[in-house]
Amino acid sequence: MAASRRRHATPGRIGRVGRVGRQAVPRPRVIMALVLLLGLVCTMLLDGYLRAEVGDDQRVRSDASADTVPDDVLEGGPILSFAGGTARTQPVPDKTIVLTFDDGPDPEWTGKVMDILDENDVPGTFFLVGSMITRYPDVVRRMVDEGNEVGVHTFTHVDLSYQSEARVKREIAQTQLALAGAAGITTTLFRAPYSSRTDAIDDYSWPVYERLGAMGYTSVFIDTDSEDWQQPGVSKIVTWATPKDGDGASVLFHDAGGDRSETLAALPQYIAKMKAKGYTFTTVSGAQQQAGAGTDGSRAGGTAADATVQPGPAQAGAPEGNSEQAAHRRAGTADVWEGRALLAAVAVAEWSVPGLAAVLAVVGVAVLARFGMMLLLARRHHGQRNRRRFTWGPEVTRPVSVIVPVYNEKECIAGTLNSLAASTHPIEILVVDDGSTDGTAEIAEALGLPDVRVIRQENAGKSAALNNGVRQARHDIVVMMDGDTVFEPDAVHQLVQPFADPGIGAVAGNAKVGNRSTMIGAWQHIEYVMGFNLDRRMYDLLRCMPTIPGAIGAFRRRAVLEVGGMSEDTLAEDTDITIALHRAGWRVVYAEHARAWTEAPASLGQLWRQRYRWSYGTMQALWKHRRSVTDRGPSGRFGRVGMPLVVLFQIVTPVFAPLIDVFTVYAMVFVDFRASLLAWLAVLAVQLFCAAYAFRLDREKYRYLLMLPLQQLAYRQLMYLVLIHSCVTAATGGRLRWQKLKRTGEVGTPHVGAS
């Protein structure tokens with residue numbers, strides 16, 4: 001017996017509607033929606049980190065003292081190591097050039113630099129930025145395969161003298177991981193961003209070099225700087241890169257960071273010039289060996305001999321066989337796979353974030369276009385319907401039937417029926433009790449109101465109750481309402497006037513939130529006025545109204561029977577019947593002056609359940625009527641006009657809308673707070689203007705608009721999660737039962753025109 005008392009519905013096309021337990025919101029799908037959102041946030045943070053938006057620090061230290069830096073380091077050669085825990089510098093041997101390139105790899109310039117090196121049979125030492133390695137691993141792989149040497153240039157190109165010890169280690173470790181994933185190696189070479197000669201080491205950067213030396217790294221500086229980053233011209237680049245008097249040199253060029261066309265033009269000339277002077281070219285490791293440093297790990301930048309040295313990632317594996325790549329170490333298997341996972345994550349971020357940005361740009365344009373279209377069409381609709389001479393035809397005065405389906409509505413039924421009893425239009429009232437267990441039917445009968453019939457049936461669902469009422473209705477026009485709704489005295493009269501036009505099959509009324517005194521109620525009030533009623537004006541003129549609200553709607557009885565009555569295929573029977581009427585050739589319009597007051601959900605849990613059912617039911621209805629897209633006649637018109645609009649503005653746009661908020665927060669935190677805030681405020685201003693106009697049309701009080709900013713920050717996010725939850729349910733074929741909301745009966749009979 002208990003089972004027969006439960007609300008239930010028949011299966012739909014997208015996901016079968018069945019019985020579930022007491023859990024109103026299936027938690028696994030909520031978790032899935034949140035996980036998807038979290039995954040997006042993580043992807044954006046990774047992409048921002050790679051692009052130096054997240055964690056970016058553009059500070060560069062200059063003019064600091066060097067009191068703690070040893071003199072022999074300040075005056076020493078460009079290769080600094082800490083064998084045995086003691087700082088030691090080495091010069092580049094005479095008549096020897098170490099070509100070093102910073103800031104790569106770059107997809108445009110690095111490959112061309114390597115082409116020049118290969119053509120001239122000279123090696124290079126490339127100091128790579130980790131974030132660039134993750135984005136262009138193929139370039140790094142080629143670099144190593146062709147015999148060039150690589151070194152660490154941090155992951156995000158920050159001045160390490162400003163960073164914590166943990167950040168320094170993270171910058172190095174992440175770059176090594178990227179190297180492992182890209183080329184299967186790690187390296188013992190390091191060059192700090194913004195560094196130059198050893199005499200530029202100061203009291204802030206010296207501790208960094210000491211810590212890295214203790215980890216087994218060799219820090220590489222320069223003797224001569226081509227200053228190609230200034231783009232001074234080819235001849236100056238060649239001149240500035242040339243060492244004096246036959247000295248050996250570590251020479252700095254750049255293969256990334258801007259236009260390197262002058263670098264590409266200068267390199268062949270420079271190499272030819274230096275070869276003509278009797279110079280040879282090698283890598284950092286090659287220069288160390290030529291200087292007599294030997295091939296043991298300590299002199300080549302490998303493991304320090306002192307027991308106090310802390311092992312770092314540079315010590316993994318054995319040195320590579322090529323003496324000019326002696327700084328390379330074979331990465332461990334775990335590091336290689338972890339590095340490949342990093343590269344895969346970066347690849348996903350590289351493609352997904354720009355793709356999402358493009359999609360959001362389209363969505364943003366669509367949203368603004370929708371606002372513009374709503375304003376224009378709503379203004380036109382209001383002007384047409386409120387002209388003094390406007391009429392649908394002869395005044396409709398014949399009696400109509402009002403169907404009130406109820407299920408455990410003891411708190412509300414008296415107020416609902418009393419409001420109908422005050423109607424200025426002749427009506428019969430059919431209360432269809434769908435197996436209530438709280439005495440709803442008895443309360444309705446006890447009121448003793450005239451022209452009220454109470455029809456009892458076994459619990460079969462709202463659609464069945466409405467169909468029962470339609471069958472027993474005595475009049476050709478039926479008004480349908482919810483058991484928690486109260487009508488204004490002239491609501492029925494205003495609602496049925498469009499039926500003077502024989503082509504109109506249904507009319508949507510103006511549903512208003514009665515319990516708007518709470519924050520949740522106020523948020524829903526804004527949504528009803530702006531999102532629902534403003535939309536309906538637009539859809540009315542476009543002749544593709546998607547939904548007759550369950551709270552207040554009127555139908556030709558013949559039209560309802562013609563399309564098979566209220567379908568039990570979906571949870572959104574109101575949307576289902578509305579689309580069916582369009583497809584049958586009936587016109588559906590909006591009567592703005594037919595006002596009804598409904599009790600909106602009073603808690604977040606109830607709101608979630610209601611909107612989840614609405615969203616899921618709408619998807620079911622759209623899927624059920626998907627063939628209208630290819631139909632001809634009225635059905636095809638709705639399918640090619642109404643269906644795309646509903647899908648775009650009620651499903652696609654809301655699904656992507658939270659991404660706009662996420663991107664906005666991201667931009668505020670990591671990119672440009674002021675510009676991002678101004679952009680968000682501009683969009684809010686547009687929404688506020690639309691809302692204010694909607695309130696003006698409905699003659700509502702503007703004070704509720706003070707809640708709009710908070711609604712955008714909190715309430716809208718909840719609605720987005722509900723929609724995502726519904727999409728996940730639809731995609732996974734989930735089950736959902738009819739949700740019975742808790743009622744308080746606080747919405748009383750309003751005064752005429754009350755707002």
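Our subject is the structure that appears above.
S.K.: Tell me about the overall build of the protein, and please be specific about residues and values.
M.R.: From N to C terminus, the protein includes 22 helices and 20 strands. Of all 755 residues assigned to the protein, the portion counted as buried reaches 56%. For the protein, the share of sequence-separated contacts (at least 6 apart) that also reach a separation of at least 24 residues comes to 81%. By element, 55% of the accessible surface of the protein is carried by carbon and sulfur atoms, the whole surface being about 30,800 Å².

S.K.: Any details on the nonpolar core? Residues and values, ideally.
M.R.: In summary, soluble globular proteins display a tendency toward joint burial of nonpolar side chains. The biggest cluster of nonpolar side chains holds 63 residues, and the ones touching the most others in it are Met 480, Tyr 539, Phe 555 and Leu 581. Counting 41 residues, the second-largest nonpolar core is a separate cluster that includes Leu 117, Val 144, Ala 249 and Leu 264.

S.K.: Mind laying out the side chain of His 625, listing which residues take part and the relevant values?
M.R.: With respect to the helices and strands, the residue His 625 is situated in the loop between helix H19 (604-624) and helix H20 (633-670). A distance of 2.7 Å separates the side chain of His 625 from the side chain of Asp 576, its partner in a polar contact. Apart from the residues within four sequence positions on either side, His 625 is in contact with Asp 576, Ile 579, Ala 580, Arg 583 and Met 643.

S.K.: Quick one: what's the story with the sheet that holds strand E20 (residues 587-598), residue by residue and with numbers?
M.R.: The mixed open sheet is built from 8 strands, whose spatial order is E15-E14-E13-E16-E19-E18-E20-E17. Whereas interior strands pair on both sides, the edge strands pair on one side only; in this sheet they are strand E15 (452-457) and strand E17 (485-487). Across the sheet, the mean angle from the axis of one strand to that of its neighbour is 30 degrees, orientation sign disregarded. In this structure, strand E14 (residues 427-434) lies alongside E15, joined through 6 bridges in parallel fashion. Its bridge partner lying in E15, Leu 430 is registered against Arg 453. Running at roughly 15 degrees to E17, helix H12 (residues 413-421) makes contact with strand E13 (400-406), E14, strand E16 (477-481) and E17 of the sheet.

S.K.: Summarise the pattern of salt bridges; cite the residues concerned and give the values.
M.R.: Side-chain pairs of opposite charge can arise where the charged atoms are in close proximity. On inspection of all chains with the given rule, the structure shows 26 salt bridges. In this structure, the salt-bridge partner of Arg 456 is Glu 442, at a minimum N-O distance of 3.6 Å. Note that Arg 456 is positioned in strand E15 and Glu 442 in helix H13 (residues 440-446), a separation of 14 residues in sequence. Taking relative accessible area as the criterion, Arg 456 reaches 45% and is therefore assigned partly exposed. Note on Glu 442: relative accessible area 45%, which makes it partly exposed. Ionic pairing is found between Asp 631 and Arg 583, a salt bridge with its closest N-O pair at 2.7 Å. Of this pair, Asp 631 sits in the loop between H19 and H20 while Arg 583 sits in helix H18 (residues 573-583); the two residues are 48 residues apart in sequence, bridging distant segments of the chain. On the basis of relative accessibility, which here comes to 26%, the residue Arg 583 falls in the partly exposed class. Within this structure, Lys 512, Arg 516, Arg 537, Glu 592, Asp 698 and Glu 700 form a network of salt bridges that share partners.

S.K.: Kindly report on unusual backbone geometry, identifying the contributing residues and their values.
M.R.: Residue Gly 104 is joined to Pro 105 through a cis peptide bond whose omega torsion reads 0 degrees. Looking at where Pro 105 falls in the secondary structure, it is placed in the loop between strand E3 (96-104) and helix H3 (110-119). In this structure, Thr 154 is a non-glycine residue whose phi angle is positive, near 70 degrees. Following the sequence through the fold, Thr 154 ends up in the loop between strand E5 (149-152) and helix H6 (165-183).

S.K.: Help me get a handle on the packing of aromatic side chains, residues and values and all.
M.R.: In total, this model carries 8 aromatic pairs according to the counting rule given. Ring centres 6.5 Å apart and planes at 40 degrees place the aromatic pair Tyr 612 and Tyr 616 in the tilted group. Of this pair, Tyr 612 and Tyr 616 both sit in helix H19, 4 residues apart, which is roughly one turn of the helix. A residue is classified by how much of its surface remains accessible, and Tyr 612, at 0% relative accessible area, is buried. Taking NZ or CZ as reference, Arg 340 lies 4.8 Å from the ring centre of Trp 337, over its face.

S.K.: Let's hear about H3: which residues, and what values?
M.R.: Turning to H3, its buried residues number three or more, namely Thr 110, Gly 111, Val 113, Met 114, Ile 116 and Leu 117. Residues of H3 that are buried in the fold lie against E3, strand E4 (125-128), helix H5 (137-145) and helix H9 (261-276). After H3 finishes, the residue Asp 121 shows a positive phi value of roughly 55 degrees.

S.K.: Just give me the short version of the packing of helix H16 (residues 519-542) against helix H21 (residues 673-697), but keep the residues and values in it.
M.R.: Here H16 crosses H21 at 80 degrees, and the two axes come no closer than 9 Å. In terms of their interaxial angle, H16 and H21 are classed as roughly perpendicular. On H21, the residues touching His 525, Ile 526, Val 529, Met 530, Leu 534 and Arg 537 of H16 are Gln 687, Cys 690, Ala 691, Ala 694, Phe 695 and Leu 697. For the contact of H16 with H21, the per-class residue count stands at 9 nonpolar, 2 polar and 1 charged.

S.K.: Which residues make up the pairing of E4, and what values go with them?
M.R.: The two faces of a sheet get side chains in turn, since along a regular strand they alternate between them. Because side chains alternate across E4, one face comprises the buried residues Thr 125 and Phe 127, and the other comprises Phe 126 and Leu 128, equally buried. Note that E3 and E4 share 4 bridges and pair parallel. By the bridge assignment for E4, Gly 104 is matched with Leu 128. After leaving E3, the chain enters H3 and then returns to the sheet as E4, a path that is right-handed. Pairing between E4 and E5: 4 bridges, direction parallel. Residue pairing in the sheet places Phe 126 in a bridge with Val 150 of E5.

S.K.: Report on H9, specifying residues and quantitative values.
M.R.: End to end, H9 covers 24 Å across 16 residues, agreeing with the expected 22 Å (1.5 Å per residue, within 8%). At Leu 267, H9 is deflected by roughly 25 degrees, the largest bend along its length, and proline Pro 268 occurs up to four residues later in sequence. Along its buried surface, H9 packs onto E3, H3, helix H8 (234-241), strand E10 (249-254) and strand E11 (280-282). Positive backbone phi, at 90 degrees, marks Gly 278, one or two positions downstream of H9.

S.K.: Describe the packing of H16 against H19, naming the residues involved and giving the relevant values.
M.R.: Where H16 contacts H19, the axes come no closer than 11 Å and their chain directions differ by 25 degrees. Considering their axes alone, H16 and H19 lie roughly parallel with respect to each other. At the point where H16 passes H19, the crossing takes the right-handed sense. From H16, Ile 520, Gln 524, Glu 527, Tyr 528 and Phe 532 reach across to H19, where they touch Leu 604, Leu 607, Gln 610, Arg 611 and Trp 614. Split into classes, the residues belonging to the contact of H16 with H19 amount to 6 nonpolar, 2 polar and 2 charged.

S.K.: Break down the side chain of Asn 148 for me, with residues and values.
M.R.: Relative to the helices and strands, Asn 148 resides in the loop between H5 and E5. A polar atom in the side chain of Asn 148 sits 3.2 Å from the backbone oxygen of Met 143. For Asn 148, the residues in contact, after removing those within four places along its chain, are Met 114, Leu 117, Pro 123, Gly 124, Phe 126, Met 143, Gln 325 and His 328.

Conventions we followed
Residues numbered from 1 in each chain as written. Predicted model: local features only at pLDDT ≥ 70, side-chain atom pairs only at ≥ 80, totals over all residues. Heavy atoms only, no water. Helix = DSSP H or I, 4+ residues; strand = E, 2+ residues; numbered from the N terminus. Buried < 20%, exposed > 50% of the residue type's maximum accessible area, 1.4 Å probe, protein only. Contact = heavy atoms within 4.5 Å. Areas by Shrake-Rupley, 256 points an atom, 1.4 Å probe, with all protein chains shown as cover. Core = buried A, V, L, I, M, F, W, Y, C linked by side-chain atoms within 4.5 Å. Polar contact = N/O pair within 3.5 Å; in protein donor to acceptor, adjacent residues only side chain to side chain. Pairing = 2+ DSSP bridges. Axes fitted to C-alpha atoms, helices over the stretch in contact; angles between N-to-C directions. Salt bridge = Lys/Arg side-chain N within 4 Å of Asp/Glu carboxyl O. Phe/Tyr/Trp six-rings, centres within 6.5 Å; stacked < 30°, edge-to-face > 60°. Lys NZ or Arg CZ within 6 Å of the ring centre and 35° of its normal. Parallel < 35°, antiparallel > 145°, perpendicular 65-115°, else oblique. Nonpolar A, V, L, I, M, F, W, Y, C, P; charged D, E, K, R; others polar. Right-handed = clockwise from strand over helix to strand, strands pointing away. Expected span 1.5 Å × (residues − 1). Bend = angle between axes of the 7 residues up to and from the residue. Left-handed = near helix turned anticlockwise from the far one by under 90°.

The analysis is restricted to geometry; functional conclusions fall outside its scope.
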